[in-house]
Amino acid sequence: MALSKPTFLTCLKTLAKPHHHHRSPPSFIALRCLSFNTPEEAAAERRRRKRRLRVEPPLSSAQRSQQQAQHVAPPKPIQNPNAPKLPEPVTVLSGNRLNLHNKILKLIRENDLEEAALYTRHSVYSNCRPAIYTVNAVLNAQLRQSKYADLLSLHRFITLAGIAPNVITHNLIFQTYLDCKKPDTALEHYKQFSNESPVNPSPTTYRILVKGLVDNGKLDKALEMKEEMAEKGLAPDPLVYSYLMLGCARNGDSDGIFKLFEELKEKKDGVLEDGVVYGNLMKGYFMKGMEKEAMDCYEEACDENSKVKMSAVAYNYVLEALSKKGKFDEALRLFDRMKNEHNPPRRLAVNLGTFNVIVDGYCAEDKFKEAMDVFRSMGDYSCSPDTLSFNNLIDQLCQNGLLGEAEELYGEMGDKGVNPDEYTFALLMDACFKVNRIDDGASYFRKMVESGLRPSLAVYDRLVDKLVNVGKVDEAKSFYDTMVKKLKMDDASYKFIMKALSDVGKLEEVLKMVDEMLDEENTDFNEELQEFAREELRKVGREDDLTKLMEEKERLKAEAKAREIEAAEAAKRSAKAAVSSLLPSKLFGKKEDESQSAVASEDAIDASPGGEEPVQDGSEGPIEEATVIEPDDVDTNSMSEDTATGPDAVDLKPY
């Protein structure tokens, strides 16, 4: 459509005008939106908005609540607080707990087990609790050094602290009781573990139990454990069968060895690739007098082209079979071959048990120098001796009159980082007594006590018996004083010391012993001991001294008991008085207090001039009367005089 001329000119003028763009205000000019004059106004606006949100929540919040209502998760079942806790996974070893774990492992490598155990205990109550894997490392180190008391103490501590044990912890406890010759206790713990623990036993659990039961002479229980292992769905492996065959060999049951071997062979479809059973099978053949079959078995297992896999444990059983049958030269050739095959960590052909078998073989051949050389060379093959290995060789040396070599070997224990135990000191003490080195034997016993070890009562009896026989009664009495609180002595031990003191005329020491026994609550000074002590004193006419001593002790005990009862009653009265002074008597509505108040009121009336009674009509009366009635309960600053002097003053008093 064509435009008219005036309209066209108007449009042209509009296009010809310059365009003025609106500039935005400079950035430095701050525009304040919703500003307030004072902070109080801003705070009031915030409170108003919060109140509005409480009354009318935002739409997004309503939608979110509706969605949550639609997807409500079912409530979790309430767990039984008495149910045993599950052990922590290995993934908890991270961050500070991993640093703690590494620090304790460093202490173990430095052979500072006391510090490692103490650090573990302290960490339980810190903000970085040790994981069960850290505790197991300490328990395992204590087990290796035969620190059974410390191990059980630490285990009891972590149990009370609520650290859930895993199957490794239980295995260590089983091994501890079995090493301590307490198989019944180990079986009780196993029964409790299988019935109550949330974790299942492992094949290692049954290996430990079977081997420990065999070592403790309970072959029947070990066979039952094999059957229970199968019931649990764990197939008994060749190592379990080798332990059972070893038990049969110790009992002289060669037929049992062959029966177990055939049972295992049937389970493996006639093919046995694990050579751990061949050594005990050779023992069965040797027991039957079938030497040819035994050597054929040896060739089948240890031939260079044999398909049987021989581990260090399997080799050790073969070495033991050859050594005990008089074929020690063949055992030495096999030992040299094992050392050549040994290439850790890829091939482990020898271990500590290997050297122990060869040491025993040399000692059986009366070649003690060679035995000590082999013992000292085990470090060249990455093997470290333990306390049992030292005790084994020290025992062999002491039995053959080589006390000097035994003491030299004892001195090397510290250099190897191995701590002697009670058996080590007992061996050296008995060996010193055999060659009349009484003082040296007594010093070994003293070292044992000073090192924190607890000797058995039999070792103590041997010590005091030897000291008394050589006339050292005073020294024997000093050892008695040291050990009487550490050992649970029997009547024979008490009688022996009393007899020794009586024979040398030290009757005052006998009475002192009786005095100490009467003071000890855990010591039973029975009629047999009383008669024995009275008989010794009767020899010099002092039997009445024992009667007087016992009567005096009974009198002192009765007085001490009376003082305890009196102190308990006094403490009860003091506590009752303290409670009464803190709590108002009217809270309990005691009638005695009311009667006392009434008596006080009557006395106050009698004491007033003219015998006037208190005013009860609301007029002013004497304030002194109200003060006498209830001086402690009336607050004259908060109550009016009319209220204080009225008849209902007590009822109107606010609590």
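An account of the accompanying structure is given in this report. Chains are numbered independently. Their residues run from 1 in the order of the written sequence. With pLDDT at 70 or above as the cut-off, local features in this predicted model cover only qualifying residues; side-chain atom pairs require 80 or more to be listed or tallied, and sums for whole chains, interfaces and linings still use all residues. Each side-chain value is worked out from all heavy atoms of the structure, with water and hydrogens disregarded.

## Regarding the overall build of the protein
A run of H or I in DSSP becomes a helix once it reaches four residues, and a run of E becomes a strand once it reaches two; helices and strands are each numbered from the N terminus. Along the protein, the regular secondary structure elements total 33 helices and zero strands. Taking all 655 residues of the protein together, the buried fraction comes to 37%. Within the protein, contacts between residues at least 6 apart in sequence are counted, and of these 61% link residues at least 24 apart. Accessible surface is estimated by sampling points in the Shrake-Rupley manner with a 1.4 Å probe; for residues, cover comes only from the protein chains shown. Carbon together with sulfur atoms contributes 51% to the accessible area of the protein, which is approximately 40800 Å² in total. Each residue is assigned to one of three classes by its accessible area relative to the maximum for its type, calculated with a 1.4 Å probe on protein chains only: buried under 20%, partly exposed between the two thresholds, exposed over 50%. Any two residues whose heavy atoms approach within 4.5 Å at even a single point are treated as in contact.

## Some points on helix H20 (residues 387-399)
In this model H20 runs 18 Å from its N-terminal to its C-terminal C-alpha over 13 residues, within 8% of the 18 Å that 1.5 Å per residue would give. Within H20, burial applies to Thr387, Ser389, Phe390, Asn391, Leu393, Ile394, Asp395, Leu397 and Cys398. Looking at the buried residues of H20, the elements they touch are helix H18 (352-364), helix H19 (368-376), helix H21 (403-415) and helix H22 (422-434). For a helix, the expected span equals 1.5 Å multiplied by the number of residues minus one.

## What to know about the packing of aromatic side chains
The geometry of two aromatic rings is summed up by the distance between their centres and the angle between their planes. Pairing of aromatic rings covers Phe, Tyr and Trp, the last counted by its six-membered ring, and requires centre-to-centre distances within 6.5 Å; plane angles under 30 degrees mean stacked, over 60 mean edge-to-face, and any other angle means tilted. Scanning the entire structure with this criterion turns up 14 aromatic pairs. Seen in terms of ring centroids, Phe335 and Phe355 are 5.7 Å apart; in terms of plane orientation they differ by 85°. Their pairing is edge-to-face. One end of the pair, Phe335, is in helix H17 (residues 328-341); the other, Phe355, is in helix H18, with 20 residues separating them in the sequence. Classification of Phe335 as buried rests on a relative accessible area of 4%. Take Phe355: its relative accessible area is 0%, and that puts it in the buried class. Relative to Tyr444, the ring of Tyr410 has its centre 5.9 Å away and its plane inclined at 85°; by these criteria the two rings are edge-to-face.

## Here's the deal with the layout of surface pockets
Taken as a whole, the second largest pocket encloses approximately 510 Å³ of empty space. Along the wall of the second largest pocket there are 18 residues; nearest its centre are Pro84, Thr159, Pro165, His170 and Gln192. Elements represented by at least two residues in the lining of the second largest pocket include exactly helix H7 (148-160), helix H8 (167-179) and helix H9 (183-196). Here the lining of the second largest pocket takes four residues from H9, the largest share from any one element. Residue type decides the class: Asp, Glu, Lys and Arg count as charged, Ala, Val, Leu, Ile, Met, Phe, Trp, Tyr, Cys and Pro as nonpolar, and the leftover types, Gly among them, as polar. Among the residues making up the lining of the second largest pocket, the classes are represented as eight nonpolar, eight polar and two charged. Buriedness for pockets is judged along seven lines, at least five of which must meet protein on both sides within 12 Å for an open set on the 1 Å grid over protein atoms alone, while cavities are sets there where a 1.4 Å probe fits but cannot get out, and lining residues have an atom within 4 Å of a point. Grid points are joined across faces, edges and corners, and a volume is the space filled by probe spheres set on the points.

## Quick notes on unusual backbone geometry
Omega for the bond connecting Pro344 with Pro345 falls within 30 degrees of zero, at 5°, which places this linkage in the cis form. Tracing the chain through its elements places Pro345 in the loop between H17 and H18. The phi dihedral of Lys181 is positive, around 60°, even though this residue is not glycine. With respect to the helices and strands, the residue Lys181 is situated in the loop between H8 and H9. A relative accessible area of 57% places Lys181 in the exposed class.

## Re the nonpolar core
Nonpolar cores were defined as sets of buried Ala, Val, Leu, Ile, Met, Phe, Trp, Tyr and Cys residues, with membership established by side-chain atoms within 4.5 Å. Counting residues in hydrophobic clusters, the biggest one holds 157 residues, and the most contacted among them are Val277, Leu393, Ile394, Phe445, Tyr460 and Phe525. Excluding residues within four positions of it along the chain, Tyr460 makes contact with Phe445, Phe479, Tyr480, Met483, Leu487, Met489 and Ile497.

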